[in-house]
Amino acid sequence: MSAIAGIFEVCKMFTIHRFKEVGSTNDVAKKYSFDNIIVAEEQSKGRGRFKREWVSGKGGLWFSIVLKPSRRVFEYTFIASLAVLRAIKVGSIKWPNDVVYDGKKVCGILSEIITQGDESKVIVGVGINVNNSIPNSLEDIAISLSSIKKKKVNIDSLLNRIILNFEELNKVEFKKILIEYKKNCSILRKEIKVKSIDKGISGRAVDVDSDGRLVLKTAKGKIRVGEGDVTVGQPF
Ligand code: BTN
């Protein structure tokens, strides 16, 4: 892991640290204090939810923001997804942490809380397929921004726009964040299935509640789900 010599920027609130290659920006971020952002050109051990591998080759935007916790962790995920959506201007949110286009993943967010001694930090990791090539094995589920826009995308200005959006949205009360999140959440009002580690539930997605849970209308009544992978379509 090596920092790109001499290149770091300070935006209004955050200091940006750039690396050529790291394991995972979320792991590097753990060594930094609040209000720093770690950006890498490549990750060799990028990870997603449920400890899944996150393929992070050159040409993508892979970064992590270190924050002093002042909200519930899932709220940062919602804020980051809106910050990305406002910046890329295409696609929609797939609860809980994806930005998708045509059902395929453009962006994934991994928010984590860590406690070191007396101090806790929130790390908000954002991965966006920008100009990177998508491996054949992932073509059915992932898509890059450059293939959506049919042109190469400027990664630096994209990052700047996302950070500015994030700063702005992070000042907004959660009630309003949730309204914008739900407006942009494309799985609402659809028949879906949610698969979590130990179970699968089918139903109609009717709401996201104030605790960030997806509310499903099922044959057994309303069920609230806190985590899982959503597929739109037929029941199990
Ligand atoms: C997911 O969809 O499961 C979340 C993917 C999050 C990927 C990003 S890339 C930057 C940061 N570093 C990581 O190792 N993961 C997050």
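Structure's up top.
Let me begin by describing the structure that accompanies this report. It should be emphasised that the depicted structure is a prediction, and the values quoted were computed from it without experimental measurement.

1. Concerning the side chain of T25
Phase 1 of the analysis: Within the element layout of this structure, T25 appears in helix α1 (residues 25-29).
Phase 2 of the analysis: Leaving out residues up to four positions away in the same chain, T25 has contacts with I38, V39, A40, Q43, W62, F63 and S64.

2. Comments concerning helix α4 (residues 155-169)
Phase 1 of the analysis: The terminal C-alpha atoms of α4 lie 21 Å apart, and with 15 residues this matches the ideal 21 Å at 1.5 Å per residue to within 8%.
Phase 2 of the analysis: Here α4 has its buried residues at L158, L159, I162, I163, N165, F166, E167 and L169.
Phase 3 of the analysis: Here α4 starts with a cap whose side-chain oxygen sits 3.0 Å from the backbone nitrogen of D156, and that cap is N154.

3. A look at the pattern of salt bridges
Phase 1 of the analysis: Per the stated rule, a full pass over the model turns up 19 salt bridges.
Phase 2 of the analysis: Notably, a salt bridge pairs R86 with E168, separated by 3.5 Å at the nearest N-O pair. Remark: E168 occurs in helix α4 and R86 occurs in helix α2 (residues 73-88); sequence separation between them is 82 residues.
Phase 3 of the analysis: Note on R86: relative accessible area 33%, which makes it partly exposed.
Phase 4 of the analysis: Note that D98 is salt-bridged to K105, the shortest N-O span being 2.9 Å.
Phase 5 of the analysis: K105 gets classed as partly exposed once you look at its relative accessible area, which sits at 23%.
Phase 6 of the analysis: Shared partners join several salt bridges into a network, and the residues in it are R71, R72, E75, D209, D211, R213 and R224.

4. Description of the packing of aromatic side chains
Phase 1 of the analysis: Taken as a whole and judged by the stated rule, the model has 5 aromatic pairs.
Phase 2 of the analysis: A centroid spacing of 6.5 Å and a plane angle of 80 degrees characterise the contact between W54 and W62, whose relative ring orientation is edge-to-face. Each of the two residues, W54 as well as W62, counts as buried.
Phase 3 of the analysis: By the ring-pair criterion, three or more aromatic residues cluster together here, those being F74, F78, F174 and Y181.
Phase 4 of the analysis: We note R72 situated over the ring of F174; from NZ or CZ to the ring centre the distance is 5.3 Å.

5. So, a positive patch on the surface
Phase 1 of the analysis: Among the surface-exposed residues, K89, K149, K151 and R161 lie close enough to one another that they form a single positively charged patch.
Phase 2 of the analysis: Within the secondary structure layout, K149 lies in helix α3 (residues 145-149).

6. Let's talk about the site of the ligand
Phase 1 of the analysis: The immediate surroundings of the ligand are formed by 20 residues, with S24, Q43, R47, R49 and K105 found nearest.
Phase 2 of the analysis: R49 places a polar main-chain atom, nitrogen or oxygen, 2.7 Å from an oxygen atom of the ligand.
Phase 3 of the analysis: Residue N97 places a side-chain N or O atom 3.5 Å away from an oxygen atom belonging to the ligand.
Phase 4 of the analysis: For the ligand, whose unbound accessible area comes to 420 Å², protein coverage reaches 98%.
Phase 5 of the analysis: Those elements that provide at least two residues to the shell around the ligand are α1, β4 (61-67), β7 (104-116) and β8 (119-128).
Phase 6 of the analysis: The dominant element in the shell around the ligand, judged by the number of residues it contributes, is β7, at 4 residues.
Phase 7 of the analysis: Taken together, the residues of the shell around the ligand sort by class into 5 nonpolar, 11 polar and 4 charged.

7. Thoughts on the sheet that holds strand β13 (residues 229-232)
Phase 1 of the analysis: Ordered in space as β12-β11-β10-β9-β13, the 5 strands form an open sheet in which the pairing is antiparallel. Sheet topology places β12 (221-225) and β13 at the edges, where each strand pairs with a single neighbour. Here the strands of the sheet are splayed against their neighbours by 45 degrees on average, with no regard to which way each runs.
Phase 2 of the analysis: The sheet contact formed by strand β9 (residues 191-195) and strand β10 (residues 200-208) spans 5 bridges and is antiparallel.

Calculation rules
- Residues numbered from 1 in each chain as written.
- Predicted model: local features only at pLDDT ≥ 70, side-chain atom pairs only at ≥ 80, totals over all residues.
- Heavy atoms only, no water.
- Helix = DSSP H or I, 4+ residues; strand = E, 2+ residues; numbered from the N terminus.
- Contact = heavy atoms within 4.5 Å.
- Expected span 1.5 Å × (residues − 1).
- Buried < 20%, exposed > 50% of the residue type's maximum accessible area, 1.4 Å probe, protein only.
- Polar contact = N/O pair within 3.5 Å; in protein donor to acceptor, adjacent residues only side chain to side chain.
- Salt bridge = Lys/Arg side-chain N within 4 Å of Asp/Glu carboxyl O.
- Phe/Tyr/Trp six-rings, centres within 6.5 Å; stacked < 30°, edge-to-face > 60°.
- Lys NZ or Arg CZ within 6 Å of the ring centre and 35° of its normal.
- Patch = residues over 30% accessible without salt bridge, like charges linked within 9 Å, V, L, I, M, F, W, Y side chains within 5 Å.
- Areas by Shrake-Rupley, 256 points an atom, 1.4 Å probe, with all protein chains shown as cover.
- Lys, Arg positive; Asp, Glu negative; His and termini not counted.
- Charge placed at Lys NZ, Arg CZ, Asp CG, Glu CD.
- Near = heavy atom within 4 Å.
- Nonpolar A, V, L, I, M, F, W, Y, C, P; charged D, E, K, R; others polar.
- Pairing = 2+ DSSP bridges.
- Axes fitted to C-alpha atoms, helices over the stretch in contact; angles between N-to-C directions.

These figures capture arrangement, not role.
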